[in-house]
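These are the residues of each chain, in order.
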Amino acid sequence: MTETPDAAVAPAAGFRDIVRLEGVQKYFGSIHALRDIDLSIGRNEIVGLIGDNGAGKSTLIKVMTGVLAPTSGRIFIRDRAVDLGDYSVRMAHDLAIETVYQDKSLAEKQPLWRNFFVGRQITNRFGFIDIKRQKKIAEDILLNSIGFRGVGITVDSTVAQLSGGERQGIAIGRAMHYNSDLIVLDEPTVALAVKEVRKVLDFVRRIKESGRACVYIEHNLAHVHEVADRLVVLDRGRVVAEIAPRDMSVSALTEFLIDLQKAH
Amino acid sequence: MGRGTAGGIEGLPIILVFLCLLGLFMYTAPSVFLSPFIYTTFLSTLPPLVLLAVGLTYVIGAGEIDLSFPAIIAFSGFVFAVLFKEYQLGWIAVIAALAAGLLVGFVNGLLIAKVGLPSFIATLGTQFFWAGMATVLSGGKSYALRGAEDSSVWQVLVGRLDFGAGAPLWLNQISLQAVWTALIAAFLWLVLNRHRFGEHVLFIGDSNAVSRVVGIDVDREKIKLFTLMGGLAGLAAIFLTLENKNFFGNQGQGYLLTAIASVLIGGTSIFGGRATVIGTVFGCFIIGMLEAGLVASGLTGAWVRTVQGLIFLIAIIFYLTVEEPHRRAALMARFGFRRGFGRAKPAE
Ligand SMILES: Nc1ncnc2c1ncn2[C@@H]1O[C@H](COP(=O)(O)OP(=O)(O)O)[C@@H](O)[C@H]1O
Ligand SMILES: [Mg+2]
């Protein structure tokens, strides 16, 4: 797929892992949501993150992307330790890490052009937004990167007017626009119709083809198995297995997860 | 385009309602509504309401509420009156009263963003606290600011425009607080629609969770939001005290419902995420005009609140039905407080 111009830029060289977590712990009060996590995400790989509800998948990627601070542990980005006191979503953006959440990536009542740029608006030095320029770029992303042509969606449409699959497309298209080296997806196919799911899986493949890495949380094992290079299994806050999809069939994987639950 | 814009003219429905009401009053009370003086009177009495309501447009647009501004009007008004009258501090009294409003707002912001109280509860508490404080400090006294009109503070803030002796009388009765208020409202319209802060306010009102995820510092923006509201209430207090040349402890009480009603009549969403400064300003005009209009049309003053309340309800039902039908269903289902008062949501 070569028609995405800004998606074709390969990540900068000179590092081994895009993100590495070492000994990461996260408590919510007395809930121990992440236990001693060691995990690295290499360049240009799709890592599937799987596990039961409440296993800590969302918490793990929130820590990884600066939404939540870990209680302890270390985070390396491109092999450099980040100062956790400073780490934030904004800083993750600056370090070329983007996240697409299941239903928390876009604001419903706001137009698409605002959703594309919120958090990093194009402004003058007083903070006033260059609306014309933002709309023009948003239109370009919409037509060229995401490929929404002739479906009646414009940059002035609100998110509420889009279908579930279209929303994921917008969110992933936005992430790709920002030349990110790593795109994190948290259950992007929840509640989507089959046809829409296929679209999202195509978006995931595009991420890899454009030379980026992807962390992909998915409860549907067939879907992750299909696109991931490596599967990481989380159970009650702990990484309990790393599996190469070619070494284990979908049904064996399902058995494995069911056995994990039985052990609870 | 099929699923295109929700565009159109900002605040159009409410502007039409305003024009209809105006026409109605011109018909039922022509002697009042066909003369310019009722309008110049509005220009000196409406500015505090407009300042409060425009600030509340931001607050409600962000999915929060502020109930403490009547107390800020009492407290800031007291600070101003004492420093202006007893200590003859002039402009320093103005700055101190503004600072008092900003400070109260800032504390509200901290309670909501950092301590995590729902804004409804936090500002209910601070409303009592600062109103009580103003009563304690003033000892329940009122302060008459006789001779205030000779001061530069009065002339600059609430004086009348001077177009010279040849100009029509009503032109020379346009009060400066209307000019200042119009400038502030225009600036805040610009900020809401075109500034990063305004965009953040609307996104926060849409969803706190989305806002965090896209990198908005939600806590900091909420603190800014309540501080802004406090500052505007402080300025409203100064205008009110100067225009009346009098301070009394209850001077803010009448504004609680009228300001909130103006915002919601104007079309700002009670769920947050959508807000219109233009709608709010026309909402204020309607609320302000009803009082004069009903009385001039022969109804007793007792009817005013009743009719205001009725229009308020009709407007809300209209917006819910037209703009957010799915939300209306949700509201019916669990009547009351889910998102309207922010933060009363489980963590994501
Ligand atoms: N903001 C929060 N406050 C308190 N507990 C939380 C919060 N977020 C997640 N948790 C808890 O942490 C655990 C892991 O949750 P989560 O990461 O959402 O799991 P998953 O995404 O794998 O379903 C759960 O027990 C959940 O209840
Ligand atoms: Mg989750």
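First, a word on scope: everything that follows refers to the structure included in this document. (Residues numbered from 1 in each chain as written. Chains lettered and ligands numbered in written order. Predicted model: local features only at pLDDT ≥ 70, side-chain atom pairs only at ≥ 80, totals over all residues. Heavy atoms only, no water.)

### Notes on a nonpolar patch on the surface
Residue and element names in this part refer to chain B.
Phase 1: A cluster of nonpolar side chains, namely Trp 91, Val 156, Val 179, Trp 180 and Leu 183, defines an oily patch on the protein surface of about 410 Å² accessible area.
Phase 2: Sorting elements by how many residues they give to the nonpolar patch places helix α9 (residues 176-194) first, with 3 residues.
Phase 3: Counting through the fold element by element, Val 179 comes out in helix α9. (Patch = residues over 30% accessible without salt bridge, like charges linked within 9 Å, V, L, I, M, F, W, Y side chains within 5 Å. Areas by Shrake-Rupley, 256 points an atom, 1.4 Å probe, with all protein chains shown as cover. Salt bridge = Lys/Arg side-chain N within 4 Å of Asp/Glu carboxyl O. Helix = DSSP H or I, 4+ residues; strand = E, 2+ residues; numbered from the N terminus.)

### Some points on the site of ligand 1
Phase 1: The full set close to ligand 1 counts 11 residues, and A:Gly54, A:Gly56, A:Lys57, A:Ser58 and A:Thr59 are the nearest of them.
Phase 2: Residues lining ligand 1 come from chains A and B.
Phase 3: The backbone of A:Gly56 places a nitrogen or oxygen atom 2.9 Å from an oxygen atom of ligand 1.
Phase 4: Between an oxygen atom of ligand 1 and a main-chain N or O atom of A:Lys57, the distance comes to 2.8 Å.
Phase 5: Contact with the protein chains removes 67% of the 560 Å² of surface that ligand 1 exposes when unbound.
Phase 6: In terms of residue class, the shell around ligand 1 is built from 4 nonpolar, 5 polar and 2 charged. (Near = heavy atom within 4 Å. Polar contact = N/O pair within 3.5 Å; in protein donor to acceptor, adjacent residues only side chain to side chain. Nonpolar A, V, L, I, M, F, W, Y, C, P; charged D, E, K, R; others polar.)

### Observations concerning the sheet that holds strand β2 (residues 31-42) of chain A
Residue and element names in this part refer to chain A.
Phase 1: What the 4 strands build is an open sheet, ordered β2-β1-β4-β5; its pairing is antiparallel. Because the sheet does not close on itself, it has two edges, and the strands there are β2 and β5 (80-81).
Phase 2: The pairing of strand β1 (residues 17-28) with strand β4 (residues 72-77) spans 5 bridges and is classified as antiparallel. The partner of Leu 21 across the bridge, within β4, is Ile 75.
Phase 3: Along the sheet face, helix α1 (residues 57-64) touches β1, β2 and β4 and points at about 60° away from the line of β2. (Pairing = 2+ DSSP bridges. Contact = heavy atoms within 4.5 Å. Axes fitted to C-alpha atoms, helices over the stretch in contact; angles between N-to-C directions.)

### Regarding the interface of chain B and chain A
Phase 1: Taken together, the contact between chain B and chain A spans 31 residues of the former and 36 residues of the latter.
Phase 2: In total, chain B and chain A occlude about 2900 Å² of area from one another, counting both sides; carbon and sulfur atoms represent 54% of this.
Phase 3: The interface formed by chain B and chain A holds 1 salt bridge in total.
Phase 4: Of the charged contacts in the structure, one is a salt bridge between B:Glu199 and A:Arg114, with a shortest N-O distance of 2.6 Å.
Phase 5: Viewed at the interface, chain A and chain B are joined by 17 residue pairs in polar contact (both at pLDDT 80 or more). (Buried area = accessible area lost by both parts, 1.4 Å probe.)

### Here's the deal with the pattern of salt bridges
Residue and element names in this part refer to chain A.
Phase 1: Per the counting criterion, the structure on display carries 24 salt bridges over all chains.
Phase 2: With a closest N to O distance of 3.6 Å, Arg 20 and Asp 79 form a salt bridge. One end of the pair, Arg 20, is in strand β1; the other, Asp 79, is in the loop between β4 and β5, and 59 residues separate them in sequence.
Phase 3: According to the relative accessible area criterion, Arg 20 is buried, its value standing at 18%.
Phase 4: On the basis of relative accessibility, which here comes to 33%, the residue Asp 79 falls in the partly exposed class. (Buried < 20%, exposed > 50% of the residue type's maximum accessible area, 1.4 Å probe, protein only.)

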